[in-house]
Amino acid sequence: MDKAKSEVISSAGFSTRAIHMERAEDSAGTLVFPINTSVSFEESGNFTYARQGNPTRDALEKVMCSLEKAKHSFVLPSGNGAGSFITHLLRPGDHILACQDMYGGLIGYFDNLATPVLNYSLTYANFADKAQFMAGFKENTRFVWLESPTNPLLNIYDIREIAKVCKEKKAYLVFDNTFYTPYLLNPLELGVDIVIHSGTKYIGGHSDIMIGFVCVNDEDIYKKLKELYELYGGCPSPFECYLALRGLKTLPVRMKRAQRNALKLAQMLEKSPQIEKVFYPGLPSHEGYELNKKQARGTGAIVSFKLKGADVDTSVKFCLALHLFCFAGSLGGVEGLVCVPTQFTHGALPPEFKKKVGVTDNLVRISLGIEDYEDIEKDITNALKAIS
């Protein structure tokens, strides 16, 4: 692509860049970036060995940089792979301070591998409680791990304020942007040091790939990660990269539709006498409603709620009574998904930990898809009748 076209695309809006940015990386002029499966490359070219770099993966990294407003990005085989990859920046004895209501899969990694095997120390804290958050820091704190909104309770935290504290404490702030994606939030602009994604979710968007991302601006962090990446050996195939490039093209359209469905459903559930509480940052009743408006461009497509007086069997019965929502883990696809977090995302965690963070047996998490809302509301209404 010639320089003039490339400059136009690079300075365009989000949707335009998501669609056309990959073309700026293809010298052959193809409409769709090709899947390059070569393992080895001639030494005279830009690539040498596929573990270190691949043309299809390189194009995806550059598109993600554009959308996440990052200088550098890395593609990993999964979201958990992205999270575990960056912990190799740490050394044995280093400390991680993590928000207590984060994704259960990474909690499992921290508790079962990072702490006992890699010898990192770890503290979970309620980041909404400033005194508890500040008390969580130690002299050897190197990472602060944050989600906003959190999974599955959708708590909203002040990213700028937390980033400011991390700078003062000389700790890297890691932010998981899976729920909002670069379309709704760019954490690096708010002071975050490292952004990770499970691209398996909204970026892929069709529940058919596993992929993860790490995005950074700091050159020192990039150089360290670049060296680690070439040794780490965790890179997805060119086919997954191609599917992620394809998914990014429709990300804005899908997020708008799913978010609209989520807001309508949250408003409907908030009026139901069978619902104890609804967790959705698009509702004025949500504690983080105003803060979210200041730091994000939307409210996402995940709605969690607690069924009034329900035990785990009743919660599961509700999920199984749904016809349009698949009772399964994961989220972010075009189809709706529903789960009971105590049995899925947080299933392997100790009961006392789940109780402490508010992940109870009557909590249900719904990932809204892009189905017609009228059908969604009818399905939810019928499932509520089934447990009444």
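The structure displayed is predicted, hence computed values, not measured ones.

Trainee: Let's hear about the pattern of salt bridges: which residues, and what values?
Mentor: Tallying each qualifying case throughout the model produces eleven salt bridges. Measuring nitrogen to oxygen at the nearest pair gives 3.6 Å for the salt bridge that ties Arg246 to Asp208. A residue pair is termed long-range when its members are at least 10 positions apart, and Arg246 in helix H10 (residues 238-270) and Asp208 in the loop between strand S6 (194-198) and strand S7 (212-216) qualify at 38 residues. Classification of Arg246 as partly exposed rests on a relative accessible area of 36%. Where Lys293 meets Glu290, a salt bridge forms, and the shortest distance between an N and an O atom there is 3.5 Å. A residue pair is termed a helical-turn pair when its members lie 3 or 4 positions apart in one helix, as Lys293 and Glu290 do in helix H11 (residues 289-295) at three residues. The exposure class of Lys293 is partly exposed, given its relative accessible area of 47%.

Trainee: Explain the sheet that holds strand S12 (residues 363-367) residue by residue, including any values.
Mentor: Reading across from one edge, S8-S9-S12-S11-S10 is the order of the five strands in this open sheet, with mixed pairing throughout. The sheet is open, and its two borders are formed by strand S8 (275-279) and strand S10 (326-327), each paired with just one other strand. As paired elements, strand S11 (residues 337-339) and S12 share three bridges and run antiparallel to each other. Its bridge partner lying in S12, Leu337 is registered against Ser367.

Trainee: Can you tell me about the packing of aromatic side chains, naming the residues and giving the values?
Mentor: The final tally for this structure, using the stated rule, is 17 aromatic pairs. The interplanar angle of 80° and the centroid separation of 5.0 Å between the aromatic rings of Phe110 and Trp145 together place this pair among those described as edge-to-face. With a gap of 35 residues between them, Phe110 in helix H5 (residues 104-114) and Trp145 in strand S4 (residues 141-147) connect regions that are remote in the sequence. Each member of the pair, Phe110 as well as Trp145, is classed as buried. Positioned over the ring face of Phe137 is Lys169, at 5.6 Å from the centre of the ring.

Trainee: So what's going on with the packing of helix H12 (residues 312-321) against helix H14 (residues 373-386)? Which residues, and what values?
Mentor: The geometry of H12 relative to H14 is characterised by a closest axis approach of 8 Å and an angle of 140° between their N-to-C directions. Comparing the axis directions of H12 and H14 gives the class oblique. At the point where H12 passes H14, the crossing takes the right-handed sense. Across from Lys317, Phe318 and Ala321 in H12, the residues of H14 making contact are Asp379, Ile380, Ala383, Leu384 and Ala386.

Trainee: An account of the sheet that holds strand S2 (residues 95-99) is requested, with residue identities and associated values reported.
Mentor: Taken together, seven strands build an open sheet; the order of strands is S1-S7-S6-S5-S4-S2-S3 and the sheet is mixed. At either end of the open sheet lies a strand with only one pairing partner, and these are strand S1 (72-76) and strand S3 (121-125). The mean inter-strand angle of the sheet, taken between neighbouring strand axes irrespective of direction, is 20°. Across the sheet, helix H9 (residues 219-232) touches S1, strand S5 (172-176), S6 and S7, and the angle it forms with S1 is around 25°.

Trainee: A description of the nonpolar core should follow, citing residues and the corresponding values.
Mentor: The biggest cluster of nonpolar side chains holds 121 residues, and the ones touching the most others in it are Trp145, Val214, Phe318 and Ile380. Not counting chain neighbours up to four residues away, the residues in contact with Phe318 comprise Phe305, Leu307, Val364, Ile380, Ala383, Leu384 and Ile387.

Rules used throughout
- Residues numbered from 1 in each chain as written.
- Predicted model: local features only at pLDDT ≥ 70, side-chain atom pairs only at ≥ 80, totals over all residues.
- Heavy atoms only, no water.
- Salt bridge = Lys/Arg side-chain N within 4 Å of Asp/Glu carboxyl O.
- Helix = DSSP H or I, 4+ residues; strand = E, 2+ residues; numbered from the N terminus.
- Buried < 20%, exposed > 50% of the residue type's maximum accessible area, 1.4 Å probe, protein only.
- Pairing = 2+ DSSP bridges.
- Phe/Tyr/Trp six-rings, centres within 6.5 Å; stacked < 30°, edge-to-face > 60°.
- Lys NZ or Arg CZ within 6 Å of the ring centre and 35° of its normal.
- Axes fitted to C-alpha atoms, helices over the stretch in contact; angles between N-to-C directions.
- Parallel < 35°, antiparallel > 145°, perpendicular 65-115°, else oblique.
- Left-handed = near helix turned anticlockwise from the far one by under 90°.
- Contact = heavy atoms within 4.5 Å.
- Core = buried A, V, L, I, M, F, W, Y, C linked by side-chain atoms within 4.5 Å.

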